[in-house]
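Fold and contact review
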Amino acid sequence: MKRVFTLMTVACCVLGASAQPTSRVRMNQVGFYPQQEKVAVIASETPVSYKVLDAKGKRVLKGVAADGTAEPWKPRMWQRADLSALTAPGAYTLCVGKERIPFEIRERALSDLARSAARAFYLQRMGVDLEERYAGKYARPAAHLDDSVLIHPSAAGPVRRAGSVIQSPYGWYDAGDYNKYIVNSGYSIGLMLSVYRLIPDYFARQNLGIPESDNQTPDLLDEIFFNLQWMMTMQDPTDGGVYHKLTTPSFEAFVMPTECRQPRYVVMKTTAATLDFAACMADASVAFRPYEADYPGAADLMLGMARKAYEWAVKHPDVSYRQQEMNNRFDPDITTGAYDDASFRDEWFWASVALRRATRGDNRYMSGVHDHFEAKFQPSSWGSVAALGMVQLAFAVQGPSSPNETERCVQIKNQSKELLLEWCDRYVERAQRNAFLCPYGLTRDEYLWGSNSESNAVCGVVLLYAYKLTGDARYLQAAQRNAEYLLGRNTLDYCFVTGYGRRSPQHPHQRLSEADGIEAPLPGFLVGGPNIGQQDRAEVTYPEGLAPNESYRDVMQSYATNEIAINWNASLVGLMSALDAFAQ
Ligand code: 9MR
Ligand code: 9MR
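Note that the coordinates shown come from a computational prediction; the quantities given were computed from them, not determined experimentally. (Residues numbered from 1 in each chain as written. Chains lettered and ligands numbered in written order. Predicted model: local features only at pLDDT ≥ 70, side-chain atom pairs only at ≥ 80, totals over all residues. Heavy atoms only, no water.)

Re the overall build of the protein chain
From N to C terminus, the protein chain includes 17 helices and twelve strands. For 584 residues, the compact-globule formula gives about 25 Å, and the C-alpha radius of gyration of the protein chain, at 24 Å, lands near that figure. Over its C-alpha atoms, taken along the principal directions, the protein chain stretches across nearly 75 × 55 × 45 Å. Out of the 584 residues in the protein chain, the part that is buried amounts to 62%. Pairs at least 24 residues apart make up 71% of the contacts formed inside the protein chain by residues separated by at least 6 positions. Surface summary for the protein chain: the accessible area is close to 21,800 Å², and the carbon and sulfur share equals 51%. Averaging the positions of the 60 positive and the 66 negative side-chain charges in the protein chain gives two centres separated by 5 Å. (Helix = DSSP H or I, 4+ residues; strand = E, 2+ residues; numbered from the N terminus. Rg over C-alpha atoms; globule rule 2.2 N^0.38 Å. Buried < 20%, exposed > 50% of the residue type's maximum accessible area, 1.4 Å probe, protein only. Contact = heavy atoms within 4.5 Å. Areas by Shrake-Rupley, 256 points an atom, 1.4 Å probe, with all protein chains shown as cover. Lys, Arg positive; Asp, Glu negative; His and termini not counted. Charge placed at Lys NZ, Arg CZ, Asp CG, Glu CD.)

Examining the site of ligand 1
Every residue lining ligand 1 is accounted for by Asp177, Phe251, Phe254, Trp449, His509, Arg511, Glu539, Tyr559 and Glu563. Take His509: an N or O atom from its side chain is 2.6 Å from an oxygen atom of ligand 1. In the model, a nitrogen atom of ligand 1 is placed 3.5 Å from a nitrogen or oxygen of the Glu539 side chain. Taken together, the residues of the shell around ligand 1 sort by class into four nonpolar, one polar and four charged. (Near = heavy atom within 4 Å. Polar contact = N/O pair within 3.5 Å; in protein donor to acceptor, adjacent residues only side chain to side chain. Nonpolar A, V, L, I, M, F, W, Y, C, P; charged D, E, K, R; others polar.)

A word on the sheet that holds strand E9 (residues 165-166)
An order of E9-E8-E12-E11-E10 is seen for the five strands of this open sheet, with the pairing classed as mixed. With partners counted over all chains shown, the strands left at the sheet margins are E9 and strand E10 (180-181), one partner each. In this sheet, strand E11 (residues 245-247) lies alongside E10 in antiparallel orientation, the contact comprising two bridges. Looking across to E11, one finds that Tyr181 is bridged to Lys245. (Pairing = 2+ DSSP bridges.)

Focus: helix H2 (residues 111-123)
Given a rise of 1.5 Å per residue, 13 residues ought to cover 18 Å, and the 18 Å separating the end C-alpha atoms of H2 matches this to within 8%. In terms of burial, H2 is largely enclosed, as ten of its 13 residues are buried. Listed in full, the buried residues belonging to H2 are Leu113, Ala114, Ser116, Ala117, Ala118, Arg119, Ala120, Phe121, Tyr122 and Leu123. At its buried positions, H2 is contacted by helix H3 (132-135), helix H4 (182-196), helix H5 (200-205), helix H6 (219-232), helix H16 (511-515) and helix H17 (566-582). (Expected span 1.5 Å × (residues − 1).)

Topic: the sheet that holds strand E1 (residues 25-26)
The seven strands lie next to each other as E1-E2-E5-E4-E3-E6-E7, forming an open sheet whose pairing is antiparallel. Every interior strand has two partners, whereas the edge strands, E1 and strand E7 (99-105), have only one. Direction of pairing for strand E3 (residues 48-53) relative to strand E4 (residues 59-70): antiparallel, over a ladder of six bridges. Residue pairing across strands places Ser49 opposite Val64, the latter belonging to E4.

Some points on the pairing of E3
From the end of E3 to the start of E4, which pair antiparallel, there are five residues, and Gly57 there has a positive phi angle of about 90°. Alignment of E3 against strand E6 (residues 90-96), held across three bridges, turns out to be antiparallel. Residue pairing in the sheet places Lys51 in a bridge with Cys95 of E6.

Side note on the site of ligand 2
Around ligand 2, the structure places Asp174, Ala175, Asp177, Tyr181, Gly337, Tyr339, Trp382, Trp449, Glu563 and Trp568. One of the side-chain nitrogen or oxygen atoms of Trp449 is found 3.1 Å away from an oxygen atom of ligand 2. About the coverage of ligand 2: the protein hides 80% of its 460 Å² of free accessible area. Among the residues making up the shell around ligand 2, the classes are represented as six nonpolar, one polar and three charged.

A word on the packing of helix H7 (residues 271-288) against helix H10 (residues 345-358)
It is the contact of H7 with H10, at a shortest axis distance of 8 Å, that shows an interaxial angle of 25°. The orientation of H7 relative to H10 falls into the category roughly parallel. Crossing handedness for the pair H7 and H10: left-handed. Counting all contacts with H7, which are made through Ala272, Leu275, Asp276, Ala278, Ala279, Cys280, Ala282, Asp283, Ser285 and Val286, the residues of H10 involved are Glu347, Trp348, Trp350, Ala351, Ala354, Leu355, Arg357 and Ala358. Tallied by class, the residues present in the contact of H7 with H10 amount to 13 nonpolar, one polar and four charged. (Axes fitted to C-alpha atoms, helices over the stretch in contact; angles between N-to-C directions. Parallel < 35°, antiparallel > 145°, perpendicular 65-115°, else oblique. Left-handed = near helix turned anticlockwise from the far one by under 90°.)

Structure, rendered in structure tokens:
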């Protein structure tokens, strides 16, 4: 990218990215597609004039930013400068008073970022050498081999006794920590596969520069397989139940993987983990079916495991993960991430839908679809996965129905599509009322742990399902608007993806980034984002009087606002890849 060096860039470098923003202008810091809407917002009580210069310094646009909209929490007005008339690729400068803001218009504006977002999973791989030719300066030797993982007493059974050893290698680090959690793994893959199905040709062409890039399988699927092969080891072959997680008793320090010495355990089997596993494996079996040559037998193997997991859940429909209770009964105590979802209706639904699709209509899963359907639509998150089932049904409305489909099933399909579109119609409307011109972020409750993903990028993905279902450009525009927020059109003036934009997180709560001795964080990661919960306040200082959308600190200690995680990156891959695909 050609850099236009300005006063602003200098100010940012000197002050460091954690300093308060000094600019009054907020806009996409990464790049605009030629045909997309291009809006910058400018902090000002009254309309303010601006001009745009091209790379030669010639004025190509001038105007007055107006339509001021206040933020909900602060008496602060943002005026809108609409630069959409500019469509020629090139480097530009937006001039507002004395400020000079560089920006770019280019074809494939987000393709590099989308690729990095997927490559971030490669950088999270464990148990293998990351070679320099794929990982560049982030190369590192194999560690966390997980070739002698202990059965925790909570996971003991008649065959696999407490303290016995299994192999459970490979997979991705979940987040900034070094553990592997089935609930989040299954969800992350399910979410990515839901987007893979929208734009298979896009992914077929994408080259991620990973060790499997030379085979015939789309690289995203190759990357996903790296985690699936770990997940498969988490099913107890004796009964089909799936261990909730593979973990050290407590979080490791901020050291590199080769320095880690704690023993690693698999803990108890749970209903949520087992159903998420079943759903994910069923979806994956469909995705991998065409790639038998590279993955011989994998599709059948995964489908068999999915069926077996589902049977276990039928027999154990109500096993929640309650870490405290587990610790009261067993040693050693486990204090790492819980992913302790205790309502399984949505997991039943996703697993039933996925298994029915993967088995091409096996009636055994029909009642699961009927019984667990809820007539409401909610964008997915790790603990709420019904949408991953509903979106499959919404797309099935257009397809041929299987001969043994009940009337109720047809109804559920139609309703899934209607509810999804209704949700999107309501959501889209919010943008005009928002100072940052995106549907995301009007209410306090959206600023939760992982807001950038759960309240923004995932919602963007939902809008892109709707766009694919209907071709209605309003949905595409709204998804793009949410992306603009993540890329810089937000109160904090951050591009929330590491390695991209003028101001982006420098100190994510990620052990790999912190301990590797390299100044720049690993690139392509979406940080959690503003979070009013501030659960890390014992370790992080939050200034008084922050608005919900300001409750973010770019400091390593901030696990509640500045961590990275595979589920969040899954939504980043989804949103950015689909925007890139649909812009072609
Ligand atoms: O590093 C841990 C991170 O991955 C988790 O999301 C977070 C919440 O469970 O916990 C982090 O670990 C911190 C712990 O909770 C509190 N003491 C400091 C730990 C490292 O910063
Ligand atoms: O993403 C999870 C968030 O929804 C929860 O509120 C939070 C506390 O339970 O945990 C988050 O997940 C963390 C996991 O427990 C451990 N690895 C890091 C994850 C991201 O912070």
